[in-house]
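Residue strings, one per chain:
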Protein chains: 2
Amino acid sequence: MAKILIRGALLVPVDEKRPDCFYGDVLIADNRIAAIAERPDTLEESRADQVIKGEKLIITPGLVNTHGHAAMTLFRSYADDMPLKDWLERKIWPIEEHLTGDDIYWGTMLAIAEMLKGGTTTFADMYFFMESVAEAVAESGIRAVLSRGLIGFGDSAEKGLKETSAFIDNWHGAEGGRINVTLGPHAPYTCPPAFLKKVIAMAGKTDRPLQIHLSETKSEVEDSMREHNKSPIELVYDLGLFDHKVTAAHCVHVSDHDIALMAGKNVAVAHNPGSNLKLGSGIAPIAKMLQSGIKVGIGTDGASSNNNLDMIEEMRLAALLAKGVAMDPTLVNARTALQMATALGAEALFLENTGMLREGCQADLIGLKYDRPHLTPLHDPLAHLVYAAAAADVDLVMVDGRLLLERGELKTLDEEKIMAEAGRCAGRLVKAKKEKEGEV
Amino acid sequence: MAKILIRGALLVPVDEKRPDCFYGDVLIADNRIAAIAERPDTLEESRADQVIKGEKLIITPGLVNTHGHAAMTLFRSYADDMPLKDWLERKIWPIEEHLTGDDIYWGTMLAIAEMLKGGTTTFADMYFFMESVAEAVAESGIRAVLSRGLIGFGDSAEKGLKETSAFIDNWHGAEGGRINVTLGPHAPYTCPPAFLKKVIAMAGKTDRPLQIHLSETKSEVEDSMREHNKSPIELVYDLGLFDHKVTAAHCVHVSDHDIALMAGKNVAVAHNPGSNLKLGSGIAPIAKMLQSGIKVGIGTDGASSNNNLDMIEEMRLAALLAKGVAMDPTLVNARTALQMATALGAEALFLENTGMLREGCQADLIGLKYDRPHLTPLHDPLAHLVYAAAAADVDLVMVDGRLLLERGELKTLDEEKIMAEAGRCAGRLVKAKKEKEGEV
């Protein structure tokens, strides 16, 4: 791969070794950050195959979306403002049953187009037809952590495990390590203990991390207490899940004891503030989790409950909510929020050397245009990123040393075609659901 | 003024008489909506001086920002994540004391540029040097409700009343009614009862509405209970404030009794969810207020505590927060949120026939491009506006029948110059504060 030099940009490294923002240069060689100059226009242009002028550009690490179901873009604004049970039983599940690999491919492509345009360079995904997701990831150039969602009931239980095993064999480490496969037991309430034990055994055998939904809603916790006399987190702890690398999504309704169990086992959390609010699930106590040393990343969840995949908005919401709920404006400050959306998010997905502008780290970075009214004046670029910036400010995106967005334009994807195909798939799905309901 | 026809657009009227979205035409004559066709390409082009193709454009009423301090854009990301007292006493007040009319003019221009680009067509403002604010409003073409912020202590008390009186004489009803002047007693804790009585008397004499901050923080309410044995809302109710038209900003810490007092007197509320979270003030119980029949609009507050003036983001936050806090996803649905940001917001500012696409209403409307990944597919345009759209989707803005933004470009303002001048003012202010602190 080529050497790319970004010259004279405003760098926000998100690196405790370089806490300040400064005008400088970044040299990328292959898929790594090779050099950083702390003064602008210092690194020689002759060292690079391509030079990008960083004027009016904030360069910062790419955003890491730690939880979602990418192809649910097809159900964006399809069903809103409904009680959770109705939303799932009358809208989402009946339409999901018509999904094909083709839908998943185009829905995921749509998600990737949106995410890249908004500065996301890595996303975690848990859904079905994961081979189609992996193909979209491979073609687009984005980095991903993928798991086949596992439900532990009926025929689908064994099928899911087999598909996971094949998916690891076929795709883990593909594209020079850009594609990571993990195990995806959906949740304790959809994966009974006996099944979870099988998944845990597979984690031991394959040495792959796990993604799981934990304690998303109050009723989930109440049901677990009634059935097992344990919270969902106590339950999976006792089963030995936390003896492996785990990214726990949501963790909205967690006790101090739950938090202590997670912190003691280095369980990471994917915080999805927008989705948790929109579905009426509640607000996760992330300030407490962070204080306990838990690595908390940020996720958008699926577009059916968000309804966009805008990580800047999600990062801002994480910071604002933590302050507002505790009535303490010092909690989750701008630096912490940006860390959660970058380096901490990468750690929460067990990715190494990712989410920082530091020599030797993965060359996953983004550039935002700051010559815009809503980013003027420029008292504090880091605070701007968290509290004032927007997805549309993202002008440049690099993943694994490759430019995927330049001057706001996608380089590897045909945006028009993706929107048309995703629209076609969404239309077909709505029609299929209606036809089936008409038959009944 | 000219007749403008928007043909074949996707209309979201926010009008209970036309609850559905449809492809249609809108004809604007002078500063009013003259005709709406409920089928696309129906109104004849010959009826208009200018025809705008509405293809891939959602047309909806302009957004109404019901509370803010526009020129505080100069302090955007100047001080964040601080305890409220330190933030005010060590950062905001000491820099505000160096403000001049020139700063206010350019800070307000910056705010207007940002607001127009994000689809805001009306804003409420309470600050100082209001003649400079009115000039910026006049030049830009935006609609505004302006009040000179009144503090009831010392010399500034009488000065403020005099300036208010002159401001009404000079500017109320100016620009064909685009500029509205109201009275701006800052808050009960900065306006003692004797002073508030004078302001109330002036409201009676001038028949102008009032804007006031009420019950923004917990400590404000506690202090009021200690000093007066009344909540701030009970206090101003007893003083007779609510016998006039009042827009009460914040109302975060309100009792059921407070809500009943406000509802009984048709007091309107300006809800500022982002600012309230960021400053750690808390979360206003807007679902309860709306259920009591209170007209709740949405505001951004100043950019120093937000840190942008993005009304789409603010509208989304209002809907999401109400659901999340009450753990009820049916509260503040997309339609209600959009109403709050448009028609209800206009009513909360006592503006008539504003905030709706309806024949005879003010021609304040916006167009958003929907051929974008994050707005694909198009299951529900209204839900898209609230849950998925972004300020940068705004492509067209009309205020009072005049196009102020076309194809995303400001028509009446020199964006580059405004950013440069605002940057200059911000730099000067920071320097002046530092120099004064150095002297001490």
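Residues numbered from 1 in each chain as written. Chains lettered and ligands numbered in written order. Predicted model: local features only at pLDDT ≥ 70, side-chain atom pairs only at ≥ 80, totals over all residues. Heavy atoms only, no water.

Visitor: I tried to follow the overall build of chain A on my own but got confused; where do I start?
Guide: For chain A, the count of helices and strands is 16 helices and 18 strands. On C-alpha atoms alone, chain A measures out to a radius of gyration of 21 Å, which is about the 22 Å that the 2.2 N^0.38 rule sets for 440 residues. C-alpha atoms of chain A, sized along the principal axes, occupy 65 × 45 × 45 Å. In chain A, buried positions account for 66% of the 440 residues. Expressed as a percentage of contacts within chain A between residues at least 6 apart in sequence, the contacts between residues at least 24 apart total 72%. Counting 47 positive and 63 negative side-chain charges, chain A places the averaged centre of each group 1 Å from the other. (Helix = DSSP H or I, 4+ residues; strand = E, 2+ residues; numbered from the N terminus. Rg over C-alpha atoms; globule rule 2.2 N^0.38 Å. Buried < 20%, exposed > 50% of the residue type's maximum accessible area, 1.4 Å probe, protein only. Contact = heavy atoms within 4.5 Å. Lys, Arg positive; Asp, Glu negative; His and termini not counted. Charge placed at Lys NZ, Arg CZ, Asp CG, Glu CD.)

Visitor: Teacher, can you tell me more about the relation of the copies chain B and chain A here?
Guide: These two copies of the chain differ by a rotation about an axis and a displacement along the same axis. Superposing chain B onto chain A requires a rotation of 180° together with a translation of 0.0 Å along the rotation axis, leaving an RMSD of 0.0 Å. The superposition of one copy onto the other is thereby described by a two-fold rotation axis. When each C-alpha of chain B is compared by its distance to the rotation axis, A392 of chain B comes out closest, at 3.1 Å. A shared interface surface links the copies, since 98% of the contact residues of chain B are contact residues in chain A too. (Least-squares fit on C-alpha atoms with pLDDT ≥ 70 in both.)

Visitor: Explanation requested: empty space enclosed by the protein in the structure shown.
Guide: Applying the stated criterion to the full structure yields eight cavities of 30 Å³ or more. Of the volumes computed, that of the largest cavity is approximately 120 Å³. Lining the largest cavity we find E313, R316, L317 and L320 of chain A together with G274, N306, E313, E314, R316, L317 and L320 of chain B. Those elements that provide at least two residues to the lining of the largest cavity are α12 (311-326) of chain A together with α12 (311-326) of chain B. (1 Å grid on protein atoms, 1.4 Å probe; cavity = no way out; pocket = protein on both sides within 12 Å on 5 of 7 lines; lining within 4 Å. Points joined across faces, edges and corners; volume = space filled by probe spheres on them.)

Visitor: Help me out: how do you make sense of the packing of aromatic side chains in this one?
Guide: Note on aromatic pairs: each is described by the distance of the centres and the angle between the planes. All chains considered together, the criterion is met by eight aromatic pairs over all chains. Centre to centre, the rings of Y237 of chain A and F242 of chain A are 6.2 Å apart; their planes meet at 75°, and the pair counts as edge-to-face. According to the relative accessible area criterion, F242 of chain A is buried, its value standing at 2%. In this arrangement the basic side chain of K278 of chain A is found over the ring face of Y387 of chain B, its NZ or CZ atom lying 4.5 Å from the centre. (Phe/Tyr/Trp six-rings, centres within 6.5 Å; stacked < 30°, edge-to-face > 60°. Lys NZ or Arg CZ within 6 Å of the ring centre and 35° of its normal.)

Visitor: Please clarify how the domain arrangement of chain A should be interpreted in this entry.
Guide: When the parts of a complex come together, some accessible area is lost, and that lost area is often taken as the interface size. Residue and element names in this part refer to chain A. As assigned here, chain A comprises domain 1 (4-61 + 361-410) and domain 2 (63-348). For domain 1 and domain 2, the distance between their C-alpha centres works out to 29 Å. Each side of the interface is counted separately: domain 1 has 29 residues, and domain 2 has 29 residues. In total, about 2,200 Å² of surface goes out of reach between domain 1 and domain 2, with carbon and sulfur atoms giving 64% of it. The largest share of the area that domain 1 buries against domain 2 comes from V14, V386 and Y387, three residues that together contribute 26% of it. Linking domain 1 with domain 2 are two salt bridges. Across the salt bridge formed by D364 and R143, the nearest N and O atoms sit 2.8 Å from each other. Inspection of the domain 1/domain 2 interface yields seven residue pairs in polar contact (both at pLDDT 80 or more). Taken together, the elements giving at least two residues each to the side of domain 1 that touches domain 2 come down to β5 (57-61), β15 (365-369), α15 (381-387), β16 (394-399) and β17 (402-406). In terms of residue count, the dominant contributor to the side of domain 1 that touches domain 2 is α15 (five residues). (Domains from an automatic or database assignment. Buried area = accessible area lost by both parts, 1.4 Å probe. Salt bridge = Lys/Arg side-chain N within 4 Å of Asp/Glu carboxyl O. Polar contact = N/O pair within 3.5 Å; in protein donor to acceptor, adjacent residues only side chain to side chain.)

Visitor: Would you explain the interface of chain B and chain A in this entry?
Guide: Contacts between the two partners involve 62 residues from chain B and, on the opposite side, 61 residues from chain A. Carbon and sulfur atoms supply 67% of the area that chain B and chain A bury against each other, a total of about 4,500 Å² over both sides. In this assembly, chain B and chain A are joined by four salt bridges. In this structure, the salt-bridge partner of E313 of chain A is R316 of chain B, at a minimum N-O distance of 2.5 Å. Elements supplying a minimum of two residues to the side of chain B that touches chain A: α2 (101-117), α10 (273-278), α12, α15 (381-387) and α16 (415-439) of chain B. At eight residues, α12 of chain B tops the list of elements feeding residues into the side of chain B that touches chain A. Split into classes, the residues belonging to the side of chain B that touches chain A amount to 29 nonpolar, 18 polar and 15 charged. (Nonpolar A, V, L, I, M, F, W, Y, C, P; charged D, E, K, R; others polar.)

Visitor: Would you mind going over the confidence of the model for chain A with me for this structure?
Guide: One rule of thumb: low pLDDT means the predicted coordinates there are not for detailed reading. The predicted model of chain A averages 97 in pLDDT, with 100% of residues at 70 or higher. As scored by the predictor, the complex reaches a pTM of 0.98 and an ipTM of 0.97. (pLDDT = per-residue confidence, 0-100.)

Visitor: So what exactly am I meant to see when it comes to the environment of V332 of chain A here?
Guide: Residue and element names in this part refer to chain A. Looking at the secondary structure, you find V332 in the loop between α12 and α13 (334-341). The class for V332 is buried, based on a relative accessible area of 8%. Separated by 14 residues in sequence, V332 and A318 place their C-alpha atoms 7.9 Å apart. Aside from chain neighbours lying at most four places away, what touches V332 is I286, L290, A318, A319, A322, K323, A337, M340 and Y387.

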